[in-house]
Amino acid sequence: MSLAIDTRVKVLVTGASGLLGRAVMLEFQDPERSGTFHGTDHAAGAQMPIKWTTVGAAFSRAEPPLVKVDLTSKESVVAAFDHLAPQAVIHCAAERRPEVAEKDKDATTKLNVDSTRLLAELCAARGIFLVYISTDYVFDGLKPSAYDVDDVPNPLNGYGQSKRAGEIAVTEVMTAAGPNAKYAIMRVPVLYGEVSPTVGNKESAVNILVDVARNASADRPQAVDDVMPRYPTHVGDVARVLADLTLRAAVKGELVHGIFHYSAEEQWTKFDMTALFVELLGTTLDHIERVTTPSTDVTRPKHVKLSTKRLRDMGVDVTARSFRGWWTANL
Ligand SMILES: NC(=O)c1ccc[n+]([C@@H]2O[C@H](COP(=O)([O-])OP(=O)(O)OC[C@H]3O[C@@H](n4cnc5c(N)ncnc54)[C@H](OP(=O)(O)O)[C@@H]3O)[C@@H](O)[C@H]2O)c1
């Protein structure tokens, strides 16, 4: 006999107007998923028709249905939590531009660290599952093999330091809340996907290379790195993994706790990506200067590969779409 469990879960997504937040909203609103989530819950031998109610919070781009919440204002955040009463919070909002983080350290700390601590405190006090999105930039990129979740971070720049400080804030608050506190610190590498028409390709360090590939009329050659490997990861794949973790923690009652890594496996340099875009657009590489000497820039990690072992050991689907395949269909 199949036992039907009707479960309604309210998910609050911060940064819902941003590159990742939009994909997370789509994932939780996907009727395929909000109907019967992934078919059968094998452990319970039951169908689980999960009804995600998803509320997106944004700030300067908070057009309805997104709600406006200034994460740097305690009053604004507490009011949102009281009003919305979420059971899970996917915290995507951040200052993620390294050059802005470097220039405006105070504002970056307020958003990336202080508001993250506040969200953790509210989630811990109210038994809400919290996912904090972090970055591969918490590592220095000197390890020759893939980074595991318990490897020691050593961020090289202000952005990485602020995201690491956010991780520490979440860990401190959740550790104080006890061994059953449910939270995930999810580190991901450079992201790509559908950009917003208002912001354009500069919304992603990958999508921006489309503009480089297009700009065949540039009067000076554009230098593009062909030394540092990257693992570009589609926001939709990250969102799928986040939904899986949320299902486990907020619906099935599994203890999801600590640091996780998710990353696509395909290795591309920025030059490789640009060359693909040139091929797909039918432009030329004449205006591109391929940089093959190792950079002397010590402020960005040279090579961080995130190991997905912890997620794989839990049985989470860590597959990722083909980079060439997605761009062939979407450029
Ligand atoms: N993009 C990447 O390649 C990458 C790589 C690794 C990790 N990450 C991490 O992934 C997460 C998502 O990044 P993303 O690329 O989606 O960022 P994004 O596109 O720059 O979006 C940032 C979001 O933060 C919101 N925000 C800014 N100030 C706010 C405030 N005071 N109150 C409330 N919301 C505020 C923005 O809202 P408004 O625009 O409406 O103001 C926007 O929705 C971040 O934690 C980032 O560190 C990103």
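This text goes with the structure placed above it.
Treat the numbers as computed from the prediction; the structure is a model and nothing was measured. (Residues numbered from 1 in each chain as written. Predicted model: local features only at pLDDT ≥ 70, side-chain atom pairs only at ≥ 80, totals over all residues. Heavy atoms only, no water.)

### Quick word on the nonpolar core
Counting residues in hydrophobic clusters, the biggest one holds 41 residues, and the most contacted among them are Val24, Ile90, Met186, Leu245 and Leu311. At the level of elements, strand S2 (7–14), helix H1 (19–29), strand S5 (50–58), strand S7 (88–91), strand S8 (129–135), strand S9 (183–188) and helix H8 (235–251) are the ones that each hand at least two residues to this core. Ranked by the residues each element gives to this core, the list is headed by H8, at 10 residues. Those residues in contact with Leu311, other than ones at most four positions away along the chain, are Met186, Val241, Leu245, Phe260, His261, Tyr262, Val316 and Val318. Counting 27 residues, the second largest nonpolar core, distinct from the first, contains Ile128, Val173, Met174 and Tyr183. (Core = buried A, V, L, I, M, F, W, Y, C linked by side-chain atoms within 4.5 Å. Buried < 20%, exposed > 50% of the residue type's maximum accessible area, 1.4 Å probe, protein only. Helix = DSSP H or I, 4+ residues; strand = E, 2+ residues; numbered from the N terminus. Contact = heavy atoms within 4.5 Å.)

### Re the packing of aromatic side chains
Within this structure, the stated rule accounts for 11 aromatic pairs. Of the aromatic side chains, those joined through ring pairs into one cluster are Tyr192, Trp268, Phe277, Phe323, Trp326 and Trp327. (Phe/Tyr/Trp six-rings, centres within 6.5 Å; stacked < 30°, edge-to-face > 60°.)

### So, the state of the cysteines
Here the structure, examined in full by the defined rule, presents 0 disulfides. A disulfide-free cysteine, Cys92 has its sulfur positioned 13 Å from the sulfur of Cys123, the nearest such atom. (Disulfide = S-S within 2.5 Å.)

### Focus on the environment of Val318
Mapped onto the elements of the fold, Val318 is located in the loop between helix H10 (309–314) and helix H11 (323–330). Judged by its relative accessible area of 16%, Val318 falls in the buried class. Taking the C-alpha atoms as reference, Val318 lies 23 Å from Val152; in sequence the two are 166 residues apart. Other than its neighbours up to four places away in sequence, Val318 contacts Arg240, Tyr262, Thr308, Leu311 and Arg312.

### Some points on the pattern of salt bridges
Here the structure, examined in full by the defined rule, presents 20 salt bridges. Among the salt bridges present, the one from Arg240 reaches Asp237, with a minimum N-O distance of 3.2 Å. With a gap of 3 residues between them, Arg240 and Asp237 both fall in helix H8, about one helical turn apart. Across the pair, exposure class does not vary: Arg240 and Asp237 are buried alike. One network of salt bridges, in which partners are shared, links Asp237, Arg240, Asp317 and Arg321. (Salt bridge = Lys/Arg side-chain N within 4 Å of Asp/Glu carboxyl O.)

### Observations regarding the packing of helix H5 (residues 105–126) against helix H6 (residues 158–176)
One way to put it is that H5 packs onto H6 with a least axis distance of 9 Å and a crossing angle of 15°. With respect to their mutual orientation, H5 and H6 come out roughly parallel. Crossing hand, H5 versus H6: right-handed. Of the residues in H6, those in contact with Thr108, Asn112, Val113, Thr116, Arg117, Ala120, Glu121, Cys123 and Ala124 of H5 are Tyr159, Ser162, Lys163, Ala165, Gly166, Ala169, Val170, Glu172, Val173 and Met174. Class assignment of the residues belonging to the contact of H5 with H6 gives a composition of 10 nonpolar, 5 polar and 4 charged. (Axes fitted to C-alpha atoms, helices over the stretch in contact; angles between N-to-C directions. Parallel < 35°, antiparallel > 145°, perpendicular 65-115°, else oblique. Left-handed = near helix turned anticlockwise from the far one by under 90°. Nonpolar A, V, L, I, M, F, W, Y, C, P; charged D, E, K, R; others polar.)

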